[in-house]
Amino acid sequence: MGVLEDVFECRQCGCCCFGRRGVRFYAEDLEAAASFLRLTASELKRLYLAPGKEPWDIRTDPEGFCLFHQPDGRCLIHAVKPEVCRRWPFLPGPLNDESAFQDAAEACPGLKKGLKWSDFKRAFGRSAGQTE
Ligand code: SF4
Ligand code: SF4
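Sequence order as written defines the numbering, with residues in each chain counted from 1. Chains and ligands are labelled by the order in which they are written, letters from A for the one and numbers from 1 for the other. Totals for whole chains, interfaces and linings use all residues, but because this is a predicted model, local features are given only for residues with pLDDT of at least 70 and pairs of side-chain atoms are given and counted only at 80 or more.

> Quick one: what's the story with the overall build of the chain, residue by residue and with numbers?
Along its length, the chain carries 7 helices and 2 strands. The numbering of helices and of strands both runs from the N terminus, where a helix is a DSSP run of H or I of at least 4 residues and a strand a run of E of at least 2. Along the chain, from the amino end to the carboxyl end, the secondary structure elements read α-β-α-α-β-α-α-α-α. Expressed as lengths along the three principal axes of its C-alpha atoms, the size of the chain is roughly 45 × 30 × 25 Å. In this scheme the burial state of a residue depends on its C-beta neighbours within 10 Å: 20 or more other such atoms mean buried, 12 or fewer mean exposed, and anything in between means partly exposed; the C-beta positions come from the backbone. Burial analysis of the chain (132 residues in total) assigns 21% to the buried set.

Laid out in structure tokens, this is it:
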């Protein structure tokens, strides 16, 4: 328990909410966020998502931040945010590729300074109930 917290603590800097980093909404995300914000699904789509077919890109503000990103760095839909946001930085890329891990470590101040890739992977594996 608490294994991820040994190597990661979100600083709510909002860096991972900047740009179009592949954060997409699926139908279940749409339903959850609409209900959380007390909007209809079509209202939420119109206000926050790019047009097109599922999965929908979240629109960005003029500075390039996700529209759910708040000025204080928090996420407006934190409780129901998409899976990729819930899992970051413990995503397949950084878990399977050391250079992707180095990029994530540079981008995310929530990862412990000087963290090794092996310790990152180990912490994730232990949190998922795997044995070393
Ligand atoms: S970049 Fe890291 S520390 Fe900053 S908000 Fe995202 S997860 Fe948290
Ligand atoms: S949904 Fe929330 S956590 Fe995900 S990118 Fe947008 S503001 Fe950040």
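More follows now that the structure is in view.
> I'd love a proper account of the packing of helix H2 (residues 27-37) against helix H3 (residues 41-48), names of residues and values included.
It is at 9 Å that the axes of H2 and H3 come closest, and there the two elements cross at 95°. In terms of axis orientation, H2 runs roughly perpendicular to H3. Seen from H2, the contacting residues are Leu30, Glu31, Ala33, Ala34 and Leu37; seen from H3, they are Ala41, Leu44 and Lys45. Gly is put with the polar residues, along with every residue not named as nonpolar or charged; the nonpolar set is Ala, Val, Leu, Ile, Met, Phe, Trp, Tyr, Cys and Pro, and the charged set is Asp, Glu, Lys and Arg. When its residues are assigned to classes, the contact of H2 with H3 shows 6 nonpolar, no polar and 2 charged. Each axis is a line fitted through C-alpha atoms, and for a helix only the stretch in contact is used; angles between axes span 0 to 180 degrees, taken between their N-to-C directions. For classification purposes, angles smaller than 35 degrees are called roughly parallel, those larger than 145 roughly antiparallel, those between 65 and 115 roughly perpendicular, and all remaining angles oblique. C-beta atoms are placed from the backbone for every residue, and two residues are taken to be in contact when these atoms lie within 7 Å.

> Can you lay out the environment of glycine 19 for me, pointing to particular residues and giving the numbers?
Residue placement: glycine 19 occurs in the loop between helix H1 (3-7) and strand E1 (24-25). Classification of glycine 19 as partly exposed rests on a count of 13 C-beta atoms within 10 Å. For the pair glycine 19 and threonine 60, spaced 41 residues apart in sequence, the C-alpha to C-alpha distance is 7.1 Å.

> How would you summarise the site of ligand 2 if you had to cite specific residues and measurements?
In this text, near has one meaning. A residue is near a molecule or strand if its C-beta atom, placed using the backbone, is within 6 Å of it. Taken together, the residues surrounding ligand 2 are Cys17, Val23, Ile58, Cys66, Phe68, His69, Cys75, Ile77, Lys81, Pro82 and Cys85. When its residues are assigned to classes, the shell around ligand 2 shows 9 nonpolar, 1 polar and 1 charged.

> I'd love a proper account of the site of ligand 1, names of residues and values included.
Taken together, Cys10, Arg11, Gln12, Cys13, Gly14, Cys15, Cys16, Trp88, Cys108, Pro109 and Gly110 are the residues near ligand 1. Considering only residue class, the shell around ligand 1 consists of 7 nonpolar, 3 polar and 1 charged.

> Just give me the short version of unusual backbone geometry, but keep the residues and values in it.
Peptide bonds are, in most cases, trans, and in most cases residues other than glycine have a negative phi. Cis rather than trans, the peptide bond between glutamate 54 and proline 55 has omega equal to 0°. Structurally, proline 55 can be placed in the loop between H3 and strand E2 (56-57). The step from tryptophan 88 to proline 89 runs through a cis peptide bond, and the omega angle for that step is 0°. Structurally, proline 89 is set in the loop between helix H4 (83-87) and helix H5 (92-96). One non-glycine residue, glutamine 12, adopts positive backbone phi at about 55°.

> Account for the environment of glycine 93, naming residues and giving values.
With respect to the helices, strands and loops of the structure, glycine 93 is situated in helix H5. A sequence separation of 65 residues divides glycine 93 from glutamate 28, and the C-alpha atoms of the two residues are 23 Å apart.

> Can you explain the nonpolar core? Please cite residues and give values.
Counting 15 residues, the largest nonpolar core has Leu30, Ala33, Leu44, Tyr48, Ile58, Cys66 and Phe68 as its most contacted members. For this core, the secondary-structure elements that each account for two or more residues are H2 and H3. Of all the elements, H2 adds the most residues to this core, at 3 residues. What cysteine 66 contacts, discounting residues up to four positions off in sequence, is Cys17, Val23, Ile58 and Thr60. The nonpolar core criterion groups buried Ala, Val, Leu, Ile, Met, Phe, Trp, Tyr and Cys residues into a set whenever they are joined through C-beta atoms within 7 Å. In this structure, Phe101, Ala105, Leu111 and Phe120 belong to the second largest nonpolar core, which totals 7 residues.

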